[in-house]
Structure formats: structure tokens, C-alpha cells
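Residue strings, one per chain:
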2 protein chains.
Amino acid sequence: MEKIKVGIVGYGNLGKGVQYALSQSEDMEAVAVFTRRDPKSVRTVLPVAVDAVENIQNYVGKIDVMILCGGSATDLPVQSVETIRDFNTVDSFDTHAKVPQYFEALDEAGKRSGKLGAMSIGWDPGLFSLARIYFGSVAPDGNTYTFWGKGVSQGHSDAIRRIEGVKDAKQYTVPVESALAKVRGCENPVFTPRQMHTRVCYVVAEDGADLARIEQEIKTMPNYFADYDTEVHFVSQAELNEKHGGMPHGGFVLRSCKSANDNDFLLELSLKLESNPEFTSGVLVAYARAVARMNREGISGAVTAFDIAPKYLSPLPFDEQRKKLL
Amino acid sequence: MEKIKVGIVGYGNLGKGVQYALSQSEDMEAVAVFTRRDPKSVRTVLPVAVDAVENIQNYVGKIDVMILCGGSATDLPVQSVETIRDFNTVDSFDTHAKVPQYFEALDEAGKRSGKLGAMSIGWDPGLFSLARIYFGSVAPDGNTYTFWGKGVSQGHSDAIRRIEGVKDAKQYTVPVESALAKVRGCENPVFTPRQMHTRVCYVVAEDGADLARIEQEIKTMPNYFADYDTEVHFVSQAELNEKHGGMPHGGFVLRSCKSANDNDFLLELSLKLESNPEFTSGVLVAYARAVARMNREGISGAVTAFDIAPKYLSPLPFDEQRKKLL
């Protein structure tokens, strides 16, 4: 059987992860990486062609799916609707408030071109969204809780780095153990943000910076930190690099619910990931397989994980799936 | 919007659970229970019509989906292909070795009648199957482990009851904690059955029965107990009823895997259920909703959980799903 041909658009941590993930899928192959940088300056983690993103149209007919590895804020809203004119796409769009308008734009562009775009793919949104819809559908009387961490939040780390006097920083989101225990005990608690997550920051200050002011600015930062118990630890750049250089993440989706006959059910999905971008990439690659197959069946427009039957994700033939996995 | 009309075929623990579960779904309603017993002798947990299973054809056009609540050994293989001639169906067929032939028969009968049948729905097969296919697809380099319990196994309890001198019995399947810990530690162990599960039996013996012989017969029973460490506790009927009267169950699907860049991922789904049949029923009802919707879109034949996009399971409109659950 012919391999599914994949292009990687953008080559940061996620793009690298996608290339690694493709190397684990025998039915797929990485055809090219597309970059806005000088292609000659890009060193890939495994051998693959690198081309300028302007040349992407030269690959029409040569690539089945483009995995878009840009950011949600500015890259994806533009890139996705442009790319779907010529290719199927998969992306990890995660700006929650803009999901409806993003979906509509992608759906319209895809229906026009006859291509399919899977959006908001990864683990949250993605696998965690799946847990929320499956759990809530099979056990409708209850509460769903999402906890993140322990893991590095890129957005929060960036927010700290923007503070004057900060050279570098890493922020860990940490679920509150006692809150998890309450949910697992089927107590159906109602939480404030502070009761669910703690924020732990490792900060490298510039020489002579006012540490007390930096700590105060972090702890009072609206949206990011003000609503949480926040720990600030000042460390050297060497210590930050050595002890906090990774990008681990993970979390929990729990549903605590009751049957109409008053029996308790507790459903839990948990992920523990040594590398957030490399795991997200694996999800993107599985959905790239699904998108290629579904588009061959004539499906176009925009889809999320909710619209994709699990059978399309697995490389096993459908009858083998039933024999081995059911 | 018109409610999805459901019939319940068979009224044991599962049938009762389905009726309870339907009472939690505002978009669905239980129209009738069908029984092989004298309908007048059946007392339902909530008010609903009870009719003889021979009269089921009187409900053509009045019921959208029949949820088949019989056993996998003898009831379902006959019932499913008969019922799908006139109705969409959902069942919890779980005889793993016979899945391929069951699927084919149901698929053929459904394609002929234009109806849709969802088979092997519940939590295992069902939600656990979904974990196995999703986890394996997004993280292909690793091992998947399924642990069951702590919970009552009906099949094992029945097997004990067939031993001479046994009046009653309950068997708990218990996962071995140290085995779970090894998997969670990403050690990728290879297990014998004995290393994964322990079997704990509570047995009521007849007066004057030879307890040593009963214990020996249980512990050496092939397939059921011989390959496991088995504990046998003799108790009074009163104690069995009081302490072991429930039908709790649950379990774990774990996947321990690696990225091509050598980072570890641990994925885990766990269920803790105070009532196995009532939870299974909730899954059947969600898939009944899916089957009704998919059949309206023109889909017929046989499907498993692998073939059904999650969007069909939730009563929320698709755009609301994206807003609230993605």
C-alpha cells in the first residue's frame, strides 16, 4: 500500500516532534519541511527535504496532508485557510474562545477546495476533549474536572520572561493533590482556580535586579497568576538549564457521576508526558492518517476529534482492529 | 425535537440499568420492555410498558432503537440478526473469539434491512477498546496493558456455583498492585496472568460439604482459576448477601510508550464503578443515540465503537460540543 505523504509546516519543537513521530509510523512518510527561515539554516532531527514555505504549491499532488506546526495566536488562523486550498491539513489550534470562528473559516475553505482540515488536535484540546465528550455522554449525571500538570506552561513561562529584570524563566502548573483526592472520593466539589492548581516558577534574574519587585509582579499578574497560589524561586541560568530544561506535561480528566439508582462511577484519564511537544506530535500524526483516509472517502471541510471515528486513526485494517483491540 | 424511542429487549440487571440510564437522557425515552417471561410477572424499576418479545414487530415505526440486554453465549447471536430486520440495535456482545463472525452476520442483516447495529458496546469491550485504539494510534511504540477490578466477575462466580456442594459464590478479580506500579513506572514488563490478577472467592457451602475438596476444585479449575493465585473464603449466606451483594467493577487500560527521541509517555484510563450493569447501560444508551442519528444519515450494517465518531454520542448540538467540551 502506498504511504501517506506528509508535509511539516513550521519547524520548532512541534515540527521536530512530528518528524520523530512520522518515523514511528510505517504507513506514513515525511516528504518535506516548510519554513519561513532560510531553508539552508534549518537542521532537521532526521534527514528530510527542507523548502521555503512560499514553494509549498510545488508539492500539490506530492503531499497528502500538511501538519501545521505554527502558533495559535497569529500563525494558524492565516496558515490553515491558505493551506487547505491545496492540501488536507491537521493543526493544534488551541485558542478556545476563537474555536467557532476558526472552525467556520476552515470548514468553508475546505468545502470549497474539497480538502479536509482537522483542527484543535493534540492532548488538550484533543485527547482530553475526547475524554470529556465520551465520559459525559455515557454518564450524563455528574461533573467533569480537568487538571493540568505537573508540567511546563509555555504561556506562563513567556509571561514571566516579559517582566523587567527577568532573564529567563520556567513555570510549572501543578495540580493540588487534595483537590484530586476530593474528586476521586466522589465528593463533587466546586473549586476556585486556586483550589485546583498551584503555579511554581523558576526565575533567572538579571544581575542587580530587584527580586522582591519581580516576585510581586509575578504573583499579582492578572489572568496568569493572581488567582493562584504561586511560588517563585530564583535560580541561576545554569540551574534552570540543568534542572528545568525539559518540556514535561500531563494531567487528568475526571468524571464523577451517579446512576439514576444512586451508584457512583468514577472515570479518569491521565497522561504523564516527558515531552509535551513530542506527544502532541504523535497525536497530530495519527490524525493526519485519519484526514488522508477520510478525504479519500470524499469528506471535506473542517473536523475536530469529535467528528473522527477512531478506526481512521489506527494503521491496522478495520477487521484487525476488531480482532486485536476490541 | 422528537425524542429517540428505545425498546429494551431482556430485563435482567442490564435491562433495568438501561431503563435507569434512559431516565437520565432527556432526548430519549423508553417505549417498552420486551421479555420472554410472562409480561405480567415483570416488575420494572420505573413505569414502562412490558410486552412479550413475540410482539416486537407491533412496534415497527414506534421504536427507533432496540437495546438488546441478553447474554453473549446464546441470546445475542440469534436476537441481534433477527431484531435488526426491523429495528436499529445496540448490544454488549463480548465473546471475543466470535467477534468477526458476529460482525459479519450483523453487518449483512443490517445492510439488507437498511438498519444499523452497534455491537460489543459497554466498557470492555467498549470504553476500554477505545482507550486501546486511541492510545495505540497516537503513541505507536509501546505496550498496552488491561487490568480488571477490583470487581465481581459473573462468569467466575457462576463457575464456582457449578461445583458440587456449593450453594452460592461471588468471585472478585483483583489487579496486582505491584504489577500496576511496574507499568506506571514505564518498566514495560511482560506478565503471566498470575502476575496481573488475583482471584478472591467468597463461597457458601452446603451443610456438611467437603470444604477442602471445594477449595481444591476451585483452585485447579482450568481457564478460570488454575493460572491465578486464588483465595477461597467460606462464608455464610447471610454474610455473602450482606457484604458481597453488589456488582462493583472497574479496571485500568495503561499504555507505556516512547517517542522516537526516547521520551516516556504514560497514558491511563481507569474506571471505578459501584454498579457494573448500571454503568454498562449508560454506555449502551449513549450508543443507542448514536445509532439512531447515524441511521437517519443513511448508515446501515454493523458497527463497533471504533466506527462511531464521538459527536454522535453526545446530546449536545455539534457547535455546542465544540464550545463546551473541546
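Residues numbered from 1 in each chain as written. Chains lettered and ligands numbered in written order. Predicted model: local features only at pLDDT ≥ 70, side-chain atom pairs only at ≥ 80, totals over all residues. Heavy atoms only, no water.

Another point: helix H1 (residues 13-22) of chain A. Within an α-helix, residues lying three or four positions from one another point in the same direction, as the helix has 3.6 residues per turn. Residues and elements named next belong to chain A. Among the ten residues of H1, eight are classified as buried, and the element is accordingly described as predominantly covered. Within H1, burial applies to Leu14, Gly15, Gly17, Val18, Gln19, Tyr20, Ala21 and Leu22. On its buried face, H1 is in contact with strand E1 (4-9), strand E2 (28-35), strand E4 (65-68) and helix H10 (276-296). (Buried < 20%, exposed > 50% of the residue type's maximum accessible area, 1.4 Å probe, protein only. Helix = DSSP H or I, 4+ residues; strand = E, 2+ residues; numbered from the N terminus. Contact = heavy atoms within 4.5 Å.)

A word on the sheet that holds strand E3 (residues 49-52) of chain B. Residue and element names in this part refer to chain B. One open sheet holds the seven strands; their spatial order is E3-E2-E1-E4-E5-E6-E14, and the pairing between them is parallel. The sheet is open, and its two borders are formed by E3 and strand E14 (301-303), each paired with just one other strand. Going from strand to strand, the sheet's axes swing by 25° on average, the running direction of each strand aside. The pairing of strand E2 (residues 28-35) with E3 spans four bridges and is parallel. Counted as the bridge partner of Phe34 is Asp51 from E3. Each of strand E1 (4-9), strand E4 (65-68) and strand E5 (88-91) is contacted by helix H2 (residues 75-83), which is oriented at about 175° to E4, the strand it contacts most. Its contacts with the sheet place helix H3 (residues 99-113) against E5, strand E6 (116-118) and E14, and it is angled at close to 135° to E14. (Pairing = 2+ DSSP bridges. Axes fitted to C-alpha atoms, helices over the stretch in contact; angles between N-to-C directions.)

This part is about the relation of the copies chain A and chain B. The transform that puts chain A on chain B rotates by 180° and translates by 0.0 Å along the axis, for an RMSD of 0.0 Å. On the angle and the small slide along the axis, the relation comes out as a two-fold axis. Residue Ala309 of chain A of chain A places its C-alpha closer to the rotation axis than any other residue of that unit, at 2.0 Å. Looking at the interface residues of chain A, 100% of them are also at the interface in chain B, so both copies use one shared face. (Least-squares fit on C-alpha atoms with pLDDT ≥ 70 in both.)

In this assembly, 64 residues from chain A lie in contact with 64 residues from chain B. Summed over both sides, the interface between chain A and chain B buries roughly 5700 Å², with carbon and sulfur atoms accounting for 62% of that surface. At the boundary of chain A with chain B, the tally comes to two salt bridges. When the shortest N-O distance is used, the salt bridge between Asp307 of chain B and Lys311 of chain A registers 3.7 Å. (Buried area = accessible area lost by both parts, 1.4 Å probe. Salt bridge = Lys/Arg side-chain N within 4 Å of Asp/Glu carboxyl O.)

All names here are of chain A. With parallel pairing, the seven strands of this open sheet are ordered in space as E3-E2-E1-E4-E5-E6-E14. Among the strands making up the open sheet, the edge pair consists of strand E3 (49-52) and strand E14 (301-303). With strand direction ignored, the average angle separating the axes of adjacent strands in the sheet is 25°. Sheet topology places E1 next to E2; six bridges connect them, and they run parallel. When the sheet's bridge partners are listed, Ile8 is paired in E2 with Val33.

Quick look at unusual backbone geometry now. What is expected of a backbone is that most residues other than glycine have negative phi and most peptide bonds are trans. Here the residue pair Gly149 of chain A and Lys150 of chain A is connected by a cis peptide bond, since its omega of 0° sits within 30 degrees of zero. With respect to the helices and strands, Lys150 of chain A occurs in the loop between strand E7 (142-148) and strand E8 (151-152). Of note, the phi angle at Ser120 of chain B is positive, near 60°, even though the residue is not glycine. Mapping Ser120 of chain B onto the fold places it in the loop between E6 and helix H4 (127-138).

Attention now goes to the UniProt feature "binding site: substrate" (unreviewed entry) in chain A. Residues and elements named next belong to chain A. Mapped onto the present numbering, the UniProt feature "binding site: substrate" (unreviewed entry) falls at Trp148, Thr173, Arg199, His249 and Asn276. When only the residues just named are considered, the second largest pocket is lined by Trp148, Thr173, Arg199, His249 and Asn276. You can see Trp148 is positioned in strand E7. Looking at Trp148, the relative accessible area reads 34%, which means it is partly exposed. (UniProt positions renumbered as here; feature names shortened; annotations may be inferred. 1 Å grid on protein atoms, 1.4 Å probe; cavity = no way out; pocket = protein on both sides within 12 Å on 5 of 7 lines; lining within 4 Å.)

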